[in-house]
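# Survey of secondary and tertiary structure
Spelled out, the chains give:
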Amino acid sequence: MTTVTPSPDAVLNVLDASLKKTQDKSWTTFSPDELSTLIAAFSPHHPIAVHSKAYIVLAAYCQRRRAEASTPDEGTHSICKTFETPVTSRIADTEESEALAGLTFLAALFDVDHLSASAIFQRDGVLESVMDTLDLFQKSRHIDLAVAHLLGRAAGHKACRALLGTDHQKWLEWKSRQTEDPELRAAAAVAMVKLAKGSGLDAAEAGRSTEQPLEDAELATMMKGLVVDARETSSLADAVEGLAYLSTNPSVKEMLSKDSAFLAKLFALVPRRKGSPAPALEDLAGSPLYGTVVIIANLCTYRPRLSSEEAQIAKLRRMAKTPKAGGQGGQAKEPEEDPLDDDEPVKARGRRVLDAGAMEALTSAVRATDSRAVRLVVSKAILSLVEDKENRGKVLQAGGAKALITIIQGLLSASKPSDAAPQMDASDFEPIQALAKLTITASPVQVFGPNEGALYDAIRPFTVMLTHPNANLLQRFEAMMALTNLSSQSPEAASRIARADGLMNKVELLMLEDHTLVRRAATELVCNLVAGCEEVFDKWGGVKNSASKSKLQVLVALCDVDDLPTRLAASGALATLTASPEACESLLELQNERHRVLPILGQLINPAVVARPPGDEDDDHDAEQESHIDPGLVHRGVVCVRNFFQGIKNKEAAREIASESSRIGLVSGLVLAMKDCGGNTNSPVLWAAAESLKWLLGHGVEVPVPQ
């Protein structure tokens, strides 16, 4: 019996009507004719327009069933109830068109709802019926191709993968080695790659070893050739998908990154012109766009940076999963890390793909689709590329910052600006982190352009990354560095940063962090905000109260740590704050209570002649810090001392401070600071030191004449 294939227009009309019904709340399921049309719509005898519409209808139906179900299992059962019998009966049919319809529909269902597709695939007799079609229709290219695609989809899921045995692997290997049909060769090779990679992961989890029929390099070479010479859209998409899996192998990464002809062809798969047809979500499964950006990301991804504790845990896990070596007393050998994934080879690969046009492809991918999956992979790739500071200029020139901003806006648009902690996964921070790296090393104008609105819009994502509980310490550090750069642009930028919800509380906590770089970044941000925002100035000492006094005490303490940039930032903030008489009053109280303010300020000016604060004389202090006089610290120190002296209004207190200054050697430090100016009358240090000494003279302190 010969089956008459309906015209594409007739199929599209039925699919359009079905799609409208899925939006009707009273509708329950497809009619027999609608269901039959949908199942047959994925047949290769229909054009791409029919396939695309069928994907939309199938996705709409599955989404509705999932939304109506109270649990995921209930949703899977509901979808299977609709499709299982008609699909499995078609796969077992003796007529080629029916079997082909069943095979292609089940492969499409894997793309749309893999849970229900996996459940159907695992039913008794289904896999046997799939393989029987190869015997029933031995000369059918379409059946071979449909089986290869279906096995490839199934190989991506553990439960289905467990059903695929040696016979299935041998058939795939046979079809991947034939040369008459490039499309079938690519589909079979992709299925083999997914099966081999997945089986390797399954074996590692179970502590077993596994053998791979074909080497990754051999498969990669074959698929690379298919990309360069591809004439069939299907084989091209399959080859790109296979390389997306294979490009996790370091040796394959090296091979692909050194082939400029391949890279040019690969990057050309992404539409470059603005307004080019964008692949819809239902087309992504057959589109090389996602696979292309995955390959780029894999080529330039660095090995994860682990803390010592995380590294130890990872080592124990690897050893637990490594099979015990026979004849060696049962000792497990820890797998070695591939040197091709060390930082330098990764950096070289990143530069090669960047020179080949990777950034143009990545930014075009962001314009081409609003798919969350594609955009997050683009973010991962850009984050890896900007890890190398030498690449950041090229990334900016190619529109990398604009692409990242577009991605971030999409991620944060679902949450309100008032949300303190929007729902974010680890991957959601990657575009923000990449933008932060660009902001740290480039002028904000280069990153955000001349429009101040774009700069202000960046404050929220950086604040989210700084304050979110799921962000790691490195991400918080880079968020603070980026915000520090933004805060230097204008008082308005500094004020907006200071007003960001939860930001200042988090920064104050991080100023007490044990990690030197994190503590430094927090202090530098506070220094900029004190200088640029009147509200922060008041809270940190400009207006006298117990809270501001505590903050001043923290800044004084940070002027005495063993990190020069932190001391510069803390003393810079103090130099600004001591312009307020109220801040000077608070410092005077701290000096009278703890007797540490003057010695610490004096240590900034000259640690060699000014005494250490009480209780620190026996500390094992950094000898290099004791002998080194930093011009930046001297400048800040003399300004702080001058402002502090002049801010004391009580005469009795002023005499006591003058006497204490003489006792600890601060007078000698100021004299030496003046002497080091060498008669440079334009030196800010000279004038501040002279005014300080004049104040001391006026309060009864004998000042030696510089020699």
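Residues numbered from 1 in each chain as written. Predicted model: local features only at pLDDT ≥ 70, side-chain atom pairs only at ≥ 80, totals over all residues. Heavy atoms only, no water.

### Here's the deal with the overall build of the protein chain
Each helix and strand counted, the protein chain has 40 helices and zero strands in total. Counting the 707 residues in the protein chain, one finds 51% classified as buried. Contacts in the protein chain between residues at least 24 apart in sequence constitute 71% of all its contacts with a sequence separation of at least 6. When the accessible surface of the protein chain is totalled, it reaches about 32700 Å², and 51% of it is carbon and sulfur. (Helix = DSSP H or I, 4+ residues; strand = E, 2+ residues; numbered from the N terminus. Buried < 20%, exposed > 50% of the residue type's maximum accessible area, 1.4 Å probe, protein only. Contact = heavy atoms within 4.5 Å. Areas by Shrake-Rupley, 256 points an atom, 1.4 Å probe, with all protein chains shown as cover.)

### Thoughts on the pattern of salt bridges
Tallying each qualifying case throughout the model produces 40 salt bridges. The closest approach of N and O atoms between R177 and E173, which form a salt bridge, is 3.3 Å. With R177 and E173 both in helix α10 (residues 166-177) and four residues apart, this pair spans about one turn of that helix. Take R177: its relative accessible area is 44%, and that puts it in the partly exposed class. Classification of E173 as partly exposed rests on a relative accessible area of 21%. Put simply, R372 and D425 hold a salt bridge, and the shortest N to O gap is 4.0 Å. Separated by 53 residues along the polypeptide, R372 in helix α20 (residues 372-386) and D425 in the loop between α22 (400-412) and α23 (429-441) bring together distant segments of the chain. Of the residues examined, D425 reaches a relative accessible area of 48% and is grouped as partly exposed. Put simply, K253, E254, K258, D341, R349 and R352 are held in one network by salt bridges that share partners. (Salt bridge = Lys/Arg side-chain N within 4 Å of Asp/Glu carboxyl O.)

### As for a negative patch on the surface
A surface patch of negative charge is lined by D124, E128, D132 and D135. Within the fold, D135 resides in helix α7 (residues 126-136). By relative accessible area, which is 54% here, D135 ends up exposed. (Patch = residues over 30% accessible without salt bridge, like charges linked within 9 Å, V, L, I, M, F, W, Y side chains within 5 Å. Lys, Arg positive; Asp, Glu negative; His and termini not counted. Charge placed at Lys NZ, Arg CZ, Asp CG, Glu CD.)

### Considering the side chain of N391
One can find N391 in the loop between α20 and α21 (392-397). Assessed through its relative accessible area of 4%, N391 is described here as buried. Engagement of the side chain of N391 in a polar contact is seen with the backbone oxygen of L385, the distance being 3.0 Å. Once you skip the residues sitting within four places of it in the chain, N391 turns out to touch R351, L354 and L385. (Polar contact = N/O pair within 3.5 Å; in protein donor to acceptor, adjacent residues only side chain to side chain.)

### Overview of the packing of aromatic side chains
Scanning all chains against the criterion turns up 11 aromatic pairs. Where F30 meets Y61, the ring centres are 4.8 Å apart and the plane angle is 40 degrees; that geometry is what we call tilted. In this pair, F30 is assigned in the loop between α1 (8-22) and α2 (32-40) and Y61 in helix α3 (residues 48-68), connecting sequence segments 31 residues apart. One aromatic cluster is present, formed by W27, F30, F42, Y55, Y61, F83 and F105 through successive ring pairs. Its end group placed over the ring of Y456, R496 keeps NZ or CZ at 4.1 Å from the ring centre. The ring of W540 is capped by K551, whose NZ or CZ atom sits 5.9 Å from the centre of that ring. (Phe/Tyr/Trp six-rings, centres within 6.5 Å; stacked < 30°, edge-to-face > 60°. Lys NZ or Arg CZ within 6 Å of the ring centre and 35° of its normal.)

### What to know about helix α15 (residues 260-267)
Of all the positions in α15, only F262, L263, L266 and F267 are classed as buried. Viewed along the axis of α15, the buried residues span an arc of 125 degrees, placing them on a single side of the element. (Arc of directions from axis to C-beta.)

### Focus: unusual backbone geometry
Working note: non-glycine residues mostly have negative phi, and peptide bonds are mostly trans. We note that H595 has phi near 60 degrees; this positive angle belongs to a residue other than glycine. Following the sequence through the fold, H595 ends up in the loop between α34 (581-594) and α35 (597-605).

### Looking at the environment of A557
Structurally, A557 is set in helix α32 (residues 546-558). Between the alpha carbons of A557 and R567 there is a distance of 9.1 Å; along the sequence they are 10 residues apart.

### A short note on the packing of α23 against helix α26 (residues 459-467)
Contact pair α23 / α26: the axes reach a minimum separation of 10 Å and the direction vectors enclose 110 degrees. Classified by the angle between their axes, α23 and α26 sit roughly perpendicular to one another. You can see that α23 and α26 cross each other, and the crossing is left-handed. Note on element contacts: α26 touches α23 through P461, F462, V464 and M465, opposite F429, I432, Q433, L435, A436 and T439. Looking at side-chain class alone, the contact of α23 with α26 contains eight nonpolar, two polar and no charged residues. (Axes fitted to C-alpha atoms, helices over the stretch in contact; angles between N-to-C directions. Parallel < 35°, antiparallel > 145°, perpendicular 65-115°, else oblique. Left-handed = near helix turned anticlockwise from the far one by under 90°. Nonpolar A, V, L, I, M, F, W, Y, C, P; charged D, E, K, R; others polar.)

### Quick notes on the confidence of the model for the protein chain
On average, the protein chain scores 87 in pLDDT, and the residues at 70 or more come to 87%. Here helix α36 (residues 623-627) is the element of the protein chain with the lowest mean pLDDT, 51, and helix α30 (residues 516-532) is the one with the highest, 97. Low confidence marks residues 275-285, where pLDDT is under 50. Its contacts with residues over four positions away, or in another chain, come to 17 contacts. (pLDDT = per-residue confidence, 0-100.)

### Describing helix α5 (residues 96-112)
With 17 residues, α5 extends 24 Å between its outermost C-alpha atoms, agreeing within 8% with the 24 Å of an ideal straight helix rising 1.5 Å per residue. With 12 of 17 residues buried, α5 is to be regarded as a mostly interior element. (Expected span 1.5 Å × (residues − 1).)

### Re the state of the cysteines
The full count for this structure, using the stated rule, is zero disulfides. In this structure C80 is not part of a disulfide, and its nearest cysteine sulfur, from C62, lies 9.5 Å away. Of the residues examined, C80 reaches a relative accessible area of 3% and is grouped as buried. (Disulfide = S-S within 2.5 Å.)

### Some details on the environment of D388
With respect to the element layout, D388 can be found in the loop between α20 and α21. Take D388: its relative accessible area is 5%, and that puts it in the buried class. In this structure, the C-alpha to C-alpha distance between D388 and D343, residues 45 residues apart in sequence, is 9.7 Å. If we skip the residues at most four places from it in the chain, D388 touches Y302, K347 and R351. Here the side chain of D388 touches R351 through a polar contact of 2.7 Å, side chain to side chain.

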